[in-house]
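Fold and geometry: a report
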Amino acid sequence: MPTAAKTSEKIFDVIGVGLGPFNLGLAALVDDIPDLDALFLEKKHHFDWHPGMLLEGTTLQVPFLADLVSMVDVTSEYSFLNYLQEHDRLYQFYFFEKFHIPRKEYNHYCQWVSRQLNSCCFGMEVEEVSCHRFENGEEVYEVKVLQASGSPIVYLARNLILGIGSAPNVPSAFRESIGDTVFHSADYLNKKTAVTEAESIAVIGSGQSAAEVFLDLFKEQEAVGYSLEWFTRSKGFFPMEYSKLGLEHFSPDYTKFFYDLPQHKKDELLNDQDLLYKGISADTIAEIYDLFYERSIGNQRPYTHLQAMSEIKAIERKGDTWKLSGWHNVQQEPFETEAEAVILGTGYKPAIPTFLSPLYNNISFDEHGRFKVQEDYRLNMETGSSSIFIQNGEIHTHGAGAPDLGLGAYRNAVIINTLTRREVYRVHHNNIYQTFGVPREKHIFPNGGRDRYAIYE
């Protein structure tokens, strides 16, 4: 007979579901706000950020200032610089002289923050969220949780924040073949040992994850001896946009511009902006090329094949290998190859959590089945006064910066200000030098433009 769930008597102002970097950053920023009772629940037993891709030598693709808090509060005790100070690493980092920190260190930093926050509870799997109305008319959310001990508990909250992140995107052609030898790059380190015992490996995808997996396997290819192929349907193995003016797309200013566009214009823009967030870092491309050059000395040729403009349409078992049937999108011709192991660097997609199913009828979705999201990151609800906020599930409404760590603290500041109905954290405007939309007021230069500098208020 199932154990009856105990219901907490306390009503939290907000409960966060999921503890990735974004909700962890929110937990850090609300830690010193006495009139905001918050609880954060995570089904994992400790913080671990993309453990399957914590490869040696990989770094964040954003500067270290894109930590959990610094972009809205550089004085926070939970900043990355304070983490370095607490771990006696300030001088080492000073001599390191790099803005892009090792991915392993970012993960360790987040673990350090999570251990200090009493509001963060791990080993807590949210099973269902429903709405409850008290006799006085107040509405709250009932959050049914399965604890690590196996016993259920129910928490009550006036607001929710979804920070469950995105789910690995597995193309339909591969779904029935997923297993030990066909898997998403999110599981790479967990399955690498078995993969490197294969005689032939194929990597599918065009982004940073696919490139890092390919490079890691390429480095060990000579010692182990497998053949290695890399396919992408993109037009080439292109670098991610990383010019200084290009980076201004990851600003609150661009988010505002994007949000105000009609939805069909947003969808058109996103389709044209792949290289803002789906490309490969120029350093990774350079490292791959340099390794090719070194391996080709004396007209040698590694057992490696790279092919862009090509989509793998089907996969089927053929003895101990997989037969991959592809289509070249430019030449309009089919091709085939075989591999004993296939790794999918095919990115991630937004997740619509099943635990929200009791609320689906009260949540507004667009014609594509996506959440309708307000500018302050609240979901559009049909009725009720309680709010559900979204973290990294609003790329279709707020633009390419939604998954970017550099905008995480800004989004959390907006959410906190909305929850408290006051400006706890100052949200900056005019952060960039360019203008994305048509100015609403004529830009007047002092003295007809003859003054060299203007003072910005």
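Everything in this summary refers to the structure shown in the same document. (Residues numbered from 1 in each chain as written. Predicted model: local features only at pLDDT ≥ 70, side-chain atom pairs only at ≥ 80, totals over all residues. Heavy atoms only, no water.)

1. Describing the overall build of the chain
- Secondary structure assignment for the chain yields 12 helices and 19 strands.
- Whereas a compact globule of 457 residues would reach a radius of gyration of roughly 23 Å, the chain reaches 24 Å, a difference of no more than 12%.
- Taken along the three principal axes of its C-alpha coordinates, the chain extends 85 × 75 × 50 Å.
- Here the chain holds 457 residues, and the buried ones make up 48% of them.
- Of the contacts formed within the chain by residues at least 6 apart in sequence, a portion of 68% connects residues at least 24 apart.
- Carbon and sulfur atoms make up 50% of the accessible area of the chain, which amounts to about 24800 Å² in all.
- Charge centroids of the chain, computed over 41 positive and 63 negative side chains, lie 4 Å from each other. (Helix = DSSP H or I, 4+ residues; strand = E, 2+ residues; numbered from the N terminus. Rg over C-alpha atoms; globule rule 2.2 N^0.38 Å. Buried < 20%, exposed > 50% of the residue type's maximum accessible area, 1.4 Å probe, protein only. Contact = heavy atoms within 4.5 Å. Areas by Shrake-Rupley, 256 points an atom, 1.4 Å probe, with all protein chains shown as cover. Lys, Arg positive; Asp, Glu negative; His and termini not counted. Charge placed at Lys NZ, Arg CZ, Asp CG, Glu CD.)

2. Some words on the sheet that holds strand E14 (residues 310-318)
- In spatial order, the strands read E14-E15-E16; together these 3 strands make up an open sheet with antiparallel pairing. Either end of the sheet is taken by a strand with one partner, and the two such strands are E14 and strand E16 (333-339). Looking at each pair of strands side by side, their axes are set apart by 25° on average, direction ignored.
- Bridging between E14 and strand E15 (residues 321-328) involves 8 bridges; their strand directions are antiparallel. Along E15, the bridge assignment pairs isoleucine 315 with leucine 324. (Pairing = 2+ DSSP bridges. Axes fitted to C-alpha atoms, helices over the stretch in contact; angles between N-to-C directions.)

3. Overview of the sheet that holds strand E12 (residues 227-231)
- Read across the sheet, 5 strands follow the order E10-E17-E11-E12-E13 without closing on themselves; strand pairing throughout is parallel. Since the sheet does not close on itself, it has two edges, and those belong to strand E10 (182-184) and strand E13 (304-307), each with one partner. For this sheet, the mean angle separating the axes of adjacent strands, direction not counted, is 15°.
- As paired elements, E10 and strand E17 (residues 341-344) share 3 bridges and run parallel to each other. Pairing of valine 182 across the sheet is with valine 342, part of E17.
- In the packing of helix H6 (residues 208-224) onto the sheet, contacts are made with strand E11 (200-204), E12, E13 and E17, and the angle to E12 comes to roughly 165°.

4. Concerning empty space enclosed by the protein
- Throughout the structure, instances matching the rule amount to 4 cavities of 30 Å³ or more.
- By volume, the largest cavity amounts to about 60 Å³.
- Considering only enclosed or pocket space, the second largest cavity measures out at about 50 Å³ in volume.
- Along its surface, the second largest cavity is lined by Pro21, Phe22, Gly25, Ala66, Asp67, Leu68, Tyr106, Leu405, Gly408, Ala409 and Asn412. (1 Å grid on protein atoms, 1.4 Å probe; cavity = no way out; pocket = protein on both sides within 12 Å on 5 of 7 lines; lining within 4 Å. Points joined across faces, edges and corners; volume = space filled by probe spheres on them.)

5. Describing the packing of aromatic side chains
- Counted under the stated rule, the structure contains 28 aromatic pairs.
- Taken together, a centroid distance of 6.2 Å and an interplanar angle of 90° make the contact between tyrosine 91 and tyrosine 94 edge-to-face. Here tyrosine 94 and tyrosine 91 lie together in helix H3 (residues 90-96), a separation of 3 residues that amounts to about one turn. Take tyrosine 91 and tyrosine 94: they sit in the same class, and that class is exposed.
- Here phenylalanine 214 and phenylalanine 292 contribute two aromatic rings whose centre-to-centre distance is 6.4 Å and whose plane-to-plane angle is 20°, an arrangement assigned as stacked. A residue pair is termed long-range when its members are at least 10 positions apart, and phenylalanine 214 in helix H6 and phenylalanine 292 in helix H10 (residues 282-295) qualify at 78 residues. (Phe/Tyr/Trp six-rings, centres within 6.5 Å; stacked < 30°, edge-to-face > 60°.)

6. What about the environment of tyrosine 94?
- For tyrosine 94, a relative accessible area of 56% corresponds to the exposed category.
- Along the primary structure tyrosine 94 and alanine 66 are separated by 28 residues, whereas in three dimensions their C-alpha atoms are 17 Å apart.

7. A few points about unusual backbone geometry
- Non-glycine residue glutamine 332 carries a positive phi angle of around 55°.
- Secondary-structure assignment places glutamine 332 in the loop between E15 and E16.
- Given the relative accessible area of 48%, glutamine 332 is considered partly exposed.
- With a phi angle near 55°, asparagine 430 is a residue other than glycine that sits in the positive phi range.
- Within the secondary structure, asparagine 430 sits in the segment after helix H12 (408-420).
- The exposed category is assigned to asparagine 430, whose relative accessible area is 67%.

8. Focus: the packing of helix H1 (residues 21-30) against H12
- With their axes 9 Å apart at the nearest point, H1 and H12 run at an angle of 55° to one another. On the basis of their axis angle, the class for H1 and H12 is oblique. The crossing of H1 and H12 is right-handed. Here H1 contributes Phe22, Gly25, Leu26, Leu29 and Val30 to the contact with H12, which in turn contributes Gly408, Ala409, Arg411, Asn412 and Ile416.
- Taken together, the residues that form the contact of H1 with H12 break down as 6 nonpolar, 3 polar and 1 charged. (Parallel < 35°, antiparallel > 145°, perpendicular 65-115°, else oblique. Left-handed = near helix turned anticlockwise from the far one by under 90°. Nonpolar A, V, L, I, M, F, W, Y, C, P; charged D, E, K, R; others polar.)

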